[in-house]
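Each chain is listed here by its residues.
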Amino acid sequence: MAEQTLEITYNIYLEAEDISQSRIMSAASYVKELVNNHNNSYLNRAEFDDESNLDDFSFRLFAKETITEETCKNTEDAKAFIDDIVDLLFDIAHMHSFLNMEGDFSILYNGERKQYTFCSESGDSLCDFNEQ
């Protein structure tokens, strides 16, 4: 039974200071649309909390998700989860290199757990990943 269990968690934090109001709105819209339209059912359910402040020119967007299924409902998406979240984070870092990004994600599937942290500093269009 344990081999059919799926546990996914991810925490994604995005922030930037001293950016224009239009950039704040366009970046938030881009990230939300990218995630909501993602093909992976474990990623497209993410809900981002937007704590951006247009008056202070600060951008803050974050998502915290925990998904637990006694029996995995979508094996293809579970198998592709790591590749898909890495691609998603690379896309965000590449398109919005002014953002500071950090967070972590993990998956327990088929009795195997994989955990990663990630970060991308402002001005860097790449995202670094570290397996835990």
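About the thresholds
Residues numbered from 1 in each chain as written. Predicted model: local features only at pLDDT ≥ 70, side-chain atom pairs only at ≥ 80, totals over all residues. Heavy atoms only, no water. Helix = DSSP H or I, 4+ residues; strand = E, 2+ residues; numbered from the N terminus. Phe/Tyr/Trp six-rings, centres within 6.5 Å; stacked < 30°, edge-to-face > 60°. Buried < 20%, exposed > 50% of the residue type's maximum accessible area, 1.4 Å probe, protein only. Lys NZ or Arg CZ within 6 Å of the ring centre and 35° of its normal. Pairing = 2+ DSSP bridges. Contact = heavy atoms within 4.5 Å. Axes fitted to C-alpha atoms, helices over the stretch in contact; angles between N-to-C directions. Polar contact = N/O pair within 3.5 Å; in protein donor to acceptor, adjacent residues only side chain to side chain.

We note that D18 has phi near 55 degrees; this positive angle belongs to a residue other than glycine. Within the chain, N110 stands out as a residue other than glycine whose phi angle is a positive 55 degrees. With respect to the helices and strands, N110 occurs in the loop between β4 (100–109) and β5 (112–120).

On to the packing of aromatic side chains. One pass over the full model with this rule turns up eight aromatic pairs. Between F118 and F129, the ring centres sit 6.2 Å apart and the planes meet at 40 degrees, which makes this aromatic pair tilted. Pair noted here: F118 is in strand β5 and F129 is in strand β6 (residues 128–131), with a separation of eleven residues, a long-range link. The class for F118 is buried, based on a relative accessible area of 3%. Note on F129: relative accessible area 24%, which makes it partly exposed. Among the aromatic residues, those joined into a cluster by ring pairs are Y10, F81, F90, F105, Y116, F118 and F129. Taking NZ or CZ as reference, R23 lies 4.3 Å from the ring centre of F98, over its face.

So, about the sheet that holds strand β3 (residues 58–69). Reading across the sheet, the six strands line up as β2-β3-β1-β4-β5-β6 and stay open at both edges, with antiparallel pairing between neighbours. Strand pairing shows two members of the sheet lacking a second neighbour, β2 (49–50) and β6, which therefore form its edges. The sheet contact formed by strand β1 (residues 6–17) and β3 spans twelve bridges and is antiparallel. The residue bridging I8 from the neighbouring strand is I67, located in β3. Its contacts with the sheet place helix α2 (residues 75–95) against β1, β4, β5 and β6, and it is angled at close to 175 degrees to β4.

One can find D50 in strand β2. Between the alpha carbons of D50 and F62 there is a distance of 6.8 Å; along the sequence they are twelve residues apart. Every residue in contact with D50, bar those within four places of it in the chain, is listed here: A28, K32, R60 and L61. At 2.7 Å, the side chain of D50 and the side chain of S52 are in polar contact.

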